[in-house]
Amino acid sequence: MRSPLDDRMESEPPGSGGITYAVSRDNSPDVDAQLRLLIDSVRDYAILTLDLEGHVSSWNAGAERIKGYRAEEILGQHFSRFYPPDDVARGKPQAELELVRREGRFEEEGWRLRKDGSRFWASVVITALRDTQGVMRGFGKVTRDFTERKLAQERLLQSEERFRLLVESIQDYAIYMLDPEGRVTTWNAGAERIKNYRAEEILGQHFSRFYPPEDVARNKPQRALQQAAEEGRFEEEAWRIRKDGTRFWASVIITALYDPQGTLRGFAKVTRDFTQHKQTQERRELEMLRDAVLARDEFLSVASHELKTPLTPLQLKLTSLLRVVEGHPEATLPVGRLARDLDVARRQVRKLADLIEDLLDVSRISMGQLRLDRTPIDLTALAREVVTRYTPQAVQAGSTVELEAPAPIPGNWDRGRMEQVLTNLLTNALKYGAGKPIRVRVRMDSGLALLTVQDEGIGIAPEKQPRVFERFVRAVSERNYGGLGLGLFITQQIVEAHGGIVQVRSTLGQGSSFTVLLPPGLTPKED
Ligand code: ADP
């Protein structure tokens, strides 16, 4: 195979365009052969030479791989056979050689043909080959197969186009772009639907026209862009203005767009019309407010009823005591009856005091003033004390209370508050499980103190269980059972203030079990 590289040149190349053979006569045949070998063996580039008319005069392995011809098939053939027929018809191959003759070099990307007729996307450089006298001897041609790259680019373009079409057609979101100064540069169907401007009306306009005048006066649009530029993103829900001047409640996200060099290119803006959403939300808030007012009225009626209940027997007993005292000379007072009446009166006063104490606790809790006074105590001893104190009530309710507390359970807890927890759970069990056995268990498990109060009473319906710890919530009718619906709320607040939890397990008609899990607490010094 003969190639222009075979021509040995003597001196330096002149400054004319194209390649001059720099292989000197002094080059050893070895260097020459090495160069030939190198070119021949390159597989990623088709490297070939053409004579002055455009006939192939040398052919390397890369050319064979890319174009599919073996050297003996193509040497001497005109290079125009690599071009698609329409290019040949337009005289493109000749025109390119002409250009190289004039300017020394030609470069392009375009479709070329393989031997089997298939097309490939070629990156082509054609160079004039001149000898040292500046006389043209032929052309060097280097071709790369960029089909894969071209297809990838096209796929990317197609996907960008698809994405653009998708964005344009989205109806629920106004999606558009702003230039760095805040002028609208793109507009989609959603933007038209929400803001009512057609693209041709709004492109190039400043986006501040979507803001209410008072926001514009406060420079809000500019500040939004500034924040987006500084922090990458700006987000808000606020009023915006449609073309006809009406307001809508908008959820807005502005994202700053930077190029790889870090220059601010503009902003992407996504806006949703949340007017309906806001109206629903406002309606819901109104409903919640109404519910709260209703709950308060209901509570006031229950509370006044509850506070009044002990007063009637108290008044009766006091009146009867007064009559007894007035009607008897000192020596003949019926002491036994007086003592019984006084006991009833004292219990009613205590009941009133407890109710008022509960109300005070609720207001303390809602003002964040529930303070714990932790001291080292034994939960077992405390449980025994409370159970013993309530034995008379248990007898009255027809229930037995079994205490299972085999070992001391020491911890740092607020004694008075823990007593309140035990009392609330036990009195509930006596109230809602009257006539049935009650079991109180105190034990340690996995480093936690566990207190369980279990009854076999009326139980709680599954749908009501999650709410029994809420304030004022009662799962029974006030006609059947008294109570303010505060005991469990206060219990939970106390337990949680100690870092613990309280949970309920219950089956309607079969009974309930309330369990308190308490961490032992820090020593008072560390607390
Ligand atoms: P109340 O003063 O109404 O007893 P609580 O806060 O102590 O208030 O309890 C809230 C509601 O939980 C009660 O109204 C009742 O419906 C239900 N409840 C509490 N303890 C029990 C229990 N041991 N068995 C059945 N229901 C219970």
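Throughout, residues of each chain are indexed from 1 in the direction in which the sequence is written. Since the coordinates come from a predicted model, pLDDT governs what is reported: local features require at least 70, and pairs of side-chain atoms require 80 or more to be given and counted, while whole-chain, interface and lining totals use all residues. Hydrogens and water molecules were not included; the side-chain quantities draw on all heavy atoms of the structure.

Caption draft 1: Structural view of unusual backbone geometry. Its identity as a non-glycine residue notwithstanding, N196 has a phi of 75 degrees, on the positive side. By the secondary structure assignment, N196 is in the loop between α7 (189–195) and α8 (199–202). A residue is classified by how much of its surface remains accessible, and N196, at 33% relative accessible area, is partly exposed. Even without being a glycine, F472 presents a positive backbone phi close to 65 degrees. Secondary structure elements are taken from DSSP: a helix is a run of H or I of four residues or more, a strand is a run of E of two residues or more, and numbering for both begins at the N terminus. On the secondary structure map, F472 appears in the loop between β15 (448–455) and α17 (487–497). Only protein chains enter the accessibility calculation, which uses a 1.4 Å probe. A residue is then buried if its area is under 20% of the maximum for its type, exposed if over 50%, and partly exposed in between.

Caption draft 2: Representation of the layout of surface pockets. Quantified by volume, the second largest pocket comes out at close to 370 Å³. The definitions used throughout rest on a 1 Å grid laid over the protein atoms alone, on which a cavity is an enclosed set of points accommodating a 1.4 Å probe that cannot get out and a pocket is an open set flanked by protein within 12 Å on both sides along at least five of seven lines; lining residues are those having an atom within 4 Å of a point. Every residue lining the second largest pocket is counted, 16 residues in all, and those nearest its centre are A295, E298, F472, V473 and R474. Grid points are joined across faces, edges and corners, and a volume is the space filled by probe spheres set on the points.

Caption draft 3: Focus on the site of the ligand. Definition of nearness: a residue and a molecule or strand are near each other if at least one heavy atom of the residue lies within 4 Å of the molecule or strand. Close contacts around the ligand come from 19 residues, with N428, Y432, R474, A475 and L488 the closest. For the ligand, an oxygen atom lies 3.2 Å from a polar atom in the backbone of L484. Here, Shrake-Rupley sampling with a 1.4 Å probe gives the accessible areas, and only protein chains in the shown set may cover a residue. Burial of the ligand by the protein chains amounts to 97% of its free accessible area of 520 Å². Of all the secondary structure elements, the ones that give two or more residues to the shell around the ligand are α16 (415–432), α17 and β17 (511–518). If one sorts the elements of the shell around the ligand by residue count, α16 sits on top with three residues. As used in this structure description, the phrase polar contact means that two N or O atoms lie within 3.5 Å; if the pair is within protein, one of them must be able to donate a hydrogen and the other to accept it, and residues adjacent in sequence are counted only when both atoms belong to side chains.

Caption draft 4: Geometry of the nonpolar core. Throughout this description, the term nonpolar core refers to a set of buried Ala, Val, Leu, Ile, Met, Phe, Trp, Tyr and Cys residues connected via side-chain atoms within 4.5 Å. W413, L426 and V516 are the most contacted members of the largest nonpolar core, which totals 46 residues. The greatest single-element share of this core, amounting to seven residues, is contributed by α16. The contact partners of V516, leaving out residues within four places of it in the chain, are V421, L425, A449, L450, L451, V495, I501 and V502. Within the second largest apolar cluster, 23 residues are counted, among which are W59, A122, V124 and M136. What makes two residues a contact is simply this: any of their non-hydrogen atoms within 4.5 Å.

Caption draft 5: Fine view of the side chain of E108. Within the fold, E108 resides in strand β4 (residues 105–113). Looking at E108, its side chain comes within polar contact range of the side chain of K92, at 2.5 Å.

Caption draft 6: A look at the packing of helix α11 (residues 275–308) against helix α13 (residues 335–366). To get an axis, a line is fitted to the C-alpha atoms, and for a helix only the part in contact is used. The angle between two axes follows their N-to-C directions and goes from 0 to 180 degrees. Look at α11 against α13: their axes get within 10 Å of each other, and the N-to-C directions meet at 150 degrees. As summarised for this structure, α11 and α13 are arranged roughly antiparallel, according to the angle between their axes. Of α13, the residues touching α11 (which contributes F299, E306 and L307) are L352, L355, I356 and L359. Classes in brief: Ala, Val, Leu, Ile, Met, Phe, Trp, Tyr, Cys and Pro nonpolar; Asp, Glu, Lys and Arg charged; the others, Gly included, polar. The residue makeup of the contact of α11 with α13, split by class, is six nonpolar, no polar and one charged. These descriptions rest on fixed angle ranges, namely under 35 degrees for roughly parallel, over 145 for roughly antiparallel, 65 to 115 for roughly perpendicular, and the rest for oblique.

Caption draft 7: Focus on the packing of aromatic side chains. Only rings of Phe, Tyr and Trp enter the pairing, Trp through its six-membered ring, and a pair is recorded when the two centres are within 6.5 Å. The plane angle decides the type: under 30 degrees is stacked, over 60 is edge-to-face, the rest tilted. One pass over the structure, following the stated rule, counts 13 aromatic pairs. Each ring, one from W239 and one from W249, has its centre 5.0 Å from the other, and the planes form 75 degrees; the classification is edge-to-face. Here the residue W239 occupies a position in strand β8 (residues 233–241), and W249 occupies one in strand β9 (residues 247–258), the gap between them amounting to ten residues. Of the aromatic side chains, those joined through ring pairs into one cluster are Y176, W187, Y197 and F210. Only when the NZ of Lys or the CZ of Arg is both within 6 Å of the ring centre and within 35 degrees of the ring normal is a charge said to sit over the ring. Above the plane of the ring of F146 lies R149, whose end atom (NZ or CZ) is 3.9 Å from the centre.

Caption draft 8: Representation of the environment of V476. Looking at the secondary structure, you find V476 in the loop between β15 and α17. Judged by its relative accessible area of 23%, V476 falls in the partly exposed class. Apart from residues no more than four positions distant in its own chain, V476 is found in contact with Y432, I458 and Y481.

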